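Structure at a glance
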Amino acid sequence: MERFFLYDDVEESKTRFVSFTGKKLRYDLAIMQSSRFFGKVLVLDMQMGRFAIIGADDVEEPGYLEHVFNKTEEEAEDLREYLNELLA
């Protein structure tokens, strides 16, 4: 089978693994920084198998974290607080 690649790049990235407990849930995250994300970070929720490329503006977007990580508003608040600290 012939494949048409849009790109096939290898680059160095920095990955941080973070585990913390919030008011309702425990969070196990992998946070990857790469030049490919234009200043944003790839946040992987390792417990739920969900991920998103997130910047400081995304964290403040109402309902965004709740949607991409399938959390209630209360559950997402702990994640929002952490990401605000991380991306500041």
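Read on for an overview of the structure. All figures in this text were calculated on a predicted structure; none of them were measured in a lab.

Conventions we followed
- Residues numbered from 1 in each chain as written.
- Predicted model: local features only at pLDDT ≥ 70, side-chain atom pairs only at ≥ 80, totals over all residues.
- Heavy atoms only, no water.
- Helix = DSSP H or I, 4+ residues; strand = E, 2+ residues; numbered from the N terminus.
- Buried < 20%, exposed > 50% of the residue type's maximum accessible area, 1.4 Å probe, protein only.
- Contact = heavy atoms within 4.5 Å.
- Areas by Shrake-Rupley, 256 points an atom, 1.4 Å probe, with all protein chains shown as cover.
- Lys, Arg positive; Asp, Glu negative; His and termini not counted.
- Charge placed at Lys NZ, Arg CZ, Asp CG, Glu CD.
- Pairing = 2+ DSSP bridges.
- Core = buried A, V, L, I, M, F, W, Y, C linked by side-chain atoms within 4.5 Å.
- Polar contact = N/O pair within 3.5 Å; in protein donor to acceptor, adjacent residues only side chain to side chain.
- Axes fitted to C-alpha atoms, helices over the stretch in contact; angles between N-to-C directions.

**So, the overall build of the chain**
Helix and strand counts for the chain come out as three helices and four strands. Viewed in the frame of its principal axes, the chain has a C-alpha envelope of about 50 × 30 × 25 Å. Scored against the burial criterion, the 88 residues of the chain give a buried share of 34%. Excluding contacts between residues fewer than 6 apart, the proportion of contacts in the chain whose partners are at least 24 apart in sequence is 31%. As displayed, the chain offers around 6,400 Å² of accessible surface, 52% of which is attributable to carbon and sulfur atoms. The average position of the 11 basic charges and that of the 19 acidic charges among the side chains of the chain differ by 4 Å.

**A short note on the pairing of strand β1 (residues 14-21)**
In terms of strand pairing, β1 meets strand β2 (residues 26-33) through eight bridges, oriented antiparallel. Looking across to β2, one finds that Thr 15 is bridged to Met 32. Linking two consecutive strands that pair antiparallel, namely β1 and β2, is a turn of four residues.

**What about the pairing of β2?**
For β2 and strand β3 (residues 41-45), the ladder comprises five bridges, and the chain directions are antiparallel. Paired with Met 32 across the strands is Leu 42, a residue of β3.

**Looking at the nonpolar core**
Counting residues in each nonpolar core, the largest one holds 17 residues, and the members touching the most others are Leu 29, Val 43, Ile 54, Phe 69 and Leu 83. At the level of secondary structure, the elements contributing two or more residues to this core comprise β1, β2, β3, β4 (50-54), α2 (64-68) and α3 (73-87). By residue number, the principal contributor to this core is α3, which donates four residues. With residues near it in sequence (within four places) discarded, Ile 54 still touches Lys 40, Val 41, Val 43, Val 59, Tyr 64, Leu 65, Phe 69, Leu 83 and Leu 87.

**Concerning the environment of Glu 60**
Structurally, Glu 60 can be placed in helix α1 (residues 56-60). Residue Glu 60 is classed as partly exposed on the basis of its relative accessible area, which comes to 49%. Along the primary structure Glu 60 and Arg 80 are separated by 20 residues, whereas in three dimensions their C-alpha atoms are 7.9 Å apart. Among the polar contacts made by the side chain of Glu 60, one reaches the side chain of Asn 84 at a distance of 3.0 Å.

**Focus: the sheet that holds β4**
If you walk across this open sheet you meet the four strands as β1-β2-β3-β4, and the pairing is antiparallel. Each edge of the open sheet is held by one strand with a lone partner, namely β1 and β4. The sheet shows a mean angle of 20° between the axes of neighbouring strands, direction not considered.

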